[in-house]
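Summary of the model geometry
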Amino acid sequence: MDTNVLANLLFPHVTLTPEDMEQRFPTRNLPEGAVISRMAPSPTGFVHLGNLVQGLTSERMCHQSGGLLFLRVEDTDAKREVPGAVQTLIEGLRHYNINFDEGATIDGDAGNYGPYRQRQRVEIYHVYAKQLVLQGEAYPCFCTEEELADIHARQEAEKANFGYFGKWAVWRDRSIEEIKAELDKGTPYVLRFRSTGSIENKIKFTDLIKGNLELTENDIDHVLLKSDGIPTYHFAHAVDDHLMRTTHVVRGDEWLPTLPFHLQLFRSLGFKPPKYLHIGPLMKMDGESKRKLSKRKDPELALTYYRAAGFPVQSVYEYLMTVLNSNFEDWRRANPDADVDAFKFSHKKMNPAGSLFDEAKLRDVSKNVISRMSADRVYDEVCAFAKDYDLDLYRHLTAAPDYSKAILAIGRGGKKPRKDFAVWTDVKPYLDFFFDDWFQITDTYPENFAKSDIKAALEKFKATYDPADDSNLWFDKIKAVADELGFASDMKAYRENPTAFGGSVADVSMFLRVAVTGRLNSPDMYAVMQILGKDRVMARIDAMLATL
Ligand code: GLU
């Protein structure tokens, strides 16, 4: 067949050539070794942890190498598109410090390699579709849905492999007259790739995460353009990643089975393929077995889950680093105060089989992350969270910023900072007693203490308390109260012979703690009293005395 005739019959409107495209989108002028990668999500409106894992991997590889990251919106499936999805995506990723250097923006494009929305690139795909037809590597197929279903049914009956290939590829070798007759009738058609591969053959391939692989060649005449002229993912992937000069494609390993087809396409189109990194899925333990995180069953798959649950961005980010790079935790232990960007991310440290997602571990990471934050930072982050999710807390904190920061500073900054918070929802129950309108006695004194002892301890403490005392003097005074009551002020002596005493100085502290904070557990009492101030400490002790 004269492929020229066919090419002009199918694409009379296409006058541009692949050379024109090469000129329009020249090789990027970047230093040797610079990684150019992209995120290429479909605008479904659902941003999930997998997007973040992929984005983070690409982002680190690009920005650590002096390259660039761009965003391409894969909107070829109009049915799945949700309005506002691009904005949700860009904002969702920005929240986690993934910023694009180029690509689709909320309402347009930024960069010289666009358009970055695939439906706006149809003209470009058609240049290459025409080229493949000219080369005899693509042809129109006029099969109806029914005919394709019939082929499938016959393959099933014959126990043959499924798909449009070999003898089943009924339009592969039709004459120009037959094709023209259908075109004249206006019969809808798709454009198919003419595969010369065979499933008898294997191809060798090196994936940067999965390592050396042997894959079966593709023998299917896959669709390149759908009947509306819009490309399939595969065809658009080859054309776009070539013209946008992508050096590394980072994507989920669900694309591995179609990789042989993609490599065929790159070859037929005369493009050098990019390097590939196929990321294994995120899994979780379900009872005894592992399974992939599922949109339907696992709310934690959605990125929105983490913000609403009160996880700081940095916690999720560092947790994902822990999951993605096996040496991250050791690095963090050795560099507790370093900026996370100082960590050298490497795809070589990624697990080819995928990663186990574990919320308990995320909470642990988060406790460490928060414990290293300054009180000011915690204050700012809690306020930002509370503004959206707990207005009452927001109002309390912002009405008294210095007071709130002093509370949040307790136990912070030293070698062994307190690890009280995993999520911002832990903050309110931790500090509510500092606010008089929230304060209430929630714990009661253990039954084994005589009320008269508690009462005496509180009264004696009151008589000597001076907020100007430093913490040593403050504690010495409590010890003195213990001695006066016949409680042990020396814990060692108490442990050796507990029955010789009515209790210990720890119990005296507890008497004060319950009166002042309303509970048996609280942050350091010296700091608590300093922050509350003498009047409130006295008032709370008086209120407790009145009940005894
Ligand atoms: N649109 C594809 C997806 O969302 C992109 C895969 C790729 O990164 O190439 O799965």
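Scope of this entry: the structure provided in the associated data block. (Residues numbered from 1 in each chain as written. Predicted model: local features only at pLDDT ≥ 70, side-chain atom pairs only at ≥ 80, totals over all residues. Heavy atoms only, no water.)

This brings us to the overall build of the protein. Scanning the protein from terminus to terminus reveals 23 helices and 14 strands. Relative to the globule expectation of 24 Å for 548 residues, the C-alpha radius of gyration of the protein, 34 Å, shows a markedly less compact shape. In terms of overall dimensions, the protein has a C-alpha envelope of 110 × 50 × 40 Å along the principal axes. Pairs at least 24 apart in sequence give 72% of the contacts found in the protein among residues at least 6 apart. With an accessible surface of roughly 26,100 Å², the protein has 50% of that area assigned to carbon and sulfur atoms. (Helix = DSSP H or I, 4+ residues; strand = E, 2+ residues; numbered from the N terminus. Rg over C-alpha atoms; globule rule 2.2 N^0.38 Å. Contact = heavy atoms within 4.5 Å. Areas by Shrake-Rupley, 256 points an atom, 1.4 Å probe, with all protein chains shown as cover.)

What surrounds the ligand is the set Arg38, Ala40, Ser42, Glu74, Tyr233, Val250, Arg251 and Trp255. Here a nitrogen atom of the ligand and a side-chain polar atom of glutamate 74 are 2.7 Å apart. The contact in question runs from an oxygen atom of the ligand to an N or O atom on the side chain of tyrosine 233, over 2.4 Å. Burial of the ligand by the surrounding chains reaches 81%, relative to a free accessible area of 300 Å². In terms of residue class, the shell around the ligand is built from four nonpolar, one polar and three charged. (Near = heavy atom within 4 Å. Polar contact = N/O pair within 3.5 Å; in protein donor to acceptor, adjacent residues only side chain to side chain. Nonpolar A, V, L, I, M, F, W, Y, C, P; charged D, E, K, R; others polar.)

This part covers helix H15 (residues 391-399). Residues of H15 that are buried include every one of Leu393, His396 and Leu397, and no others. Summarising the axial view, the buried residues of H15 lie within an arc of 95 degrees, below the 170-degree limit, and thus occupy one face. Exposed and facing more than 90 degrees away from the buried side of H15 are Arg395 and Ala399. Packing partners of the buried residues in H15 comprise helix H14 (375-389), helix H16 (401-408) and helix H17 (427-431). (Buried < 20%, exposed > 50% of the residue type's maximum accessible area, 1.4 Å probe, protein only. Arc of directions from axis to C-beta.)

Looking at the secondary structure, you find serine 58 in helix H3 (residues 49-64). Among all residues touching serine 58, those that are not within four sequence positions of it are Ser37, Arg38, Leu69 and Val250.

Turning our eyes to something else, we now look at the packing of helix H1 (residues 3-10) against helix H7 (residues 176-185). Between H1 and H7, whose axes approach to 11 Å, the crossing angle comes to 10 degrees. On the basis of their axis angle, the class for H1 and H7 is roughly parallel. Every residue of H7 that contacts H1 at Val5, Leu6, Leu9 and Leu10 is listed here: Ile176, Ile179, Lys180 and Leu183. Counted by class, the contact of H1 with H7 contains seven nonpolar, no polar and one charged residues. (Axes fitted to C-alpha atoms, helices over the stretch in contact; angles between N-to-C directions. Parallel < 35°, antiparallel > 145°, perpendicular 65-115°, else oblique.)

Turning our attention to the pairing of strand E7 (residues 202-207). Every second residue of E7 is oriented toward a common face, the buried set being Ile203, Phe205 and Asp207 and the non-buried set Lys202, Lys204 and Thr206. Summarising the sheet, E7 and strand E8 (residues 211-216) pair through six bridges and their orientation is antiparallel. Paired with lysine 202 across the two strands is threonine 216, which belongs to E8. (Pairing = 2+ DSSP bridges.)

Now for the pairing of strand E2 (residues 68-71). The side-chain alternation of E2 yields two buried faces, one formed by Leu68 and Phe70 and the other by Leu69 and Leu71. Pairing of strand E1 (residues 36-39) with E2 involves four bridges; the strand directions are parallel. Paired with methionine 39 across the bridge in E2 is leucine 71. Note on the crossover from E1 through H3 to E2: the handedness is right-handed. Following the chain from E2 across helix H4 (residues 85-95) to the adjacent parallel strand E3 (residues 102-104), one finds a crossover that is right-handed. (Right-handed = clockwise from strand over helix to strand, strands pointing away.)

What follows deals with the packing of H1 against helix H5 (residues 122-134). Two numbers describe how H1 lies on H5: the axes approach to 8 Å, and their chain directions differ by 155 degrees. Comparing the axis directions of H1 and H5 gives the class roughly antiparallel. The two elements H1 and H5 meet at a crossing, and its hand is right-handed. Each of Thr3, Asn4, Leu6, Ala7, Asn8 and Leu10 in H1 lies in contact with H5, whose residues at this interface are Lys130, Val133 and Leu134. (Left-handed = near helix turned anticlockwise from the far one by under 90°.)

Let us now look at the state of the cysteines. Here, the word disulfide means a covalent bond between the sulfur atoms of two cysteines. Under the criterion given, the structure shown has zero disulfides. With no disulfide of its own, cysteine 143 lies 3.9 Å from the sulfur of cysteine 141, the closest cysteine sulfur. With a relative accessible area of 14%, cysteine 143 lands in the buried category. (Disulfide = S-S within 2.5 Å.)

The next subject is the sheet that holds strand E9 (residues 223-225). One key point about sheets: their strands pair by backbone hydrogen bonds, in either a parallel or an antiparallel sense. An order of E5-E6-E9 is seen for the three strands of this open sheet, with the pairing classed as antiparallel. The outermost strands of the open sheet, each flanked by one partner alone, are strand E5 (138-141) and E9. Along the sheet, successive strands turn relative to each other by an average axial angle of 45 degrees, direction set aside. Pairing analysis gives four bridges linking E5 to strand E6 (residues 190-193), with the strands arranged antiparallel. Along E6, the bridge assignment pairs tyrosine 139 with arginine 192. Strand contacts of H5: E5, E6 and E9, with the helix running at about 130 degrees to E9, the strand carrying the most contacts.

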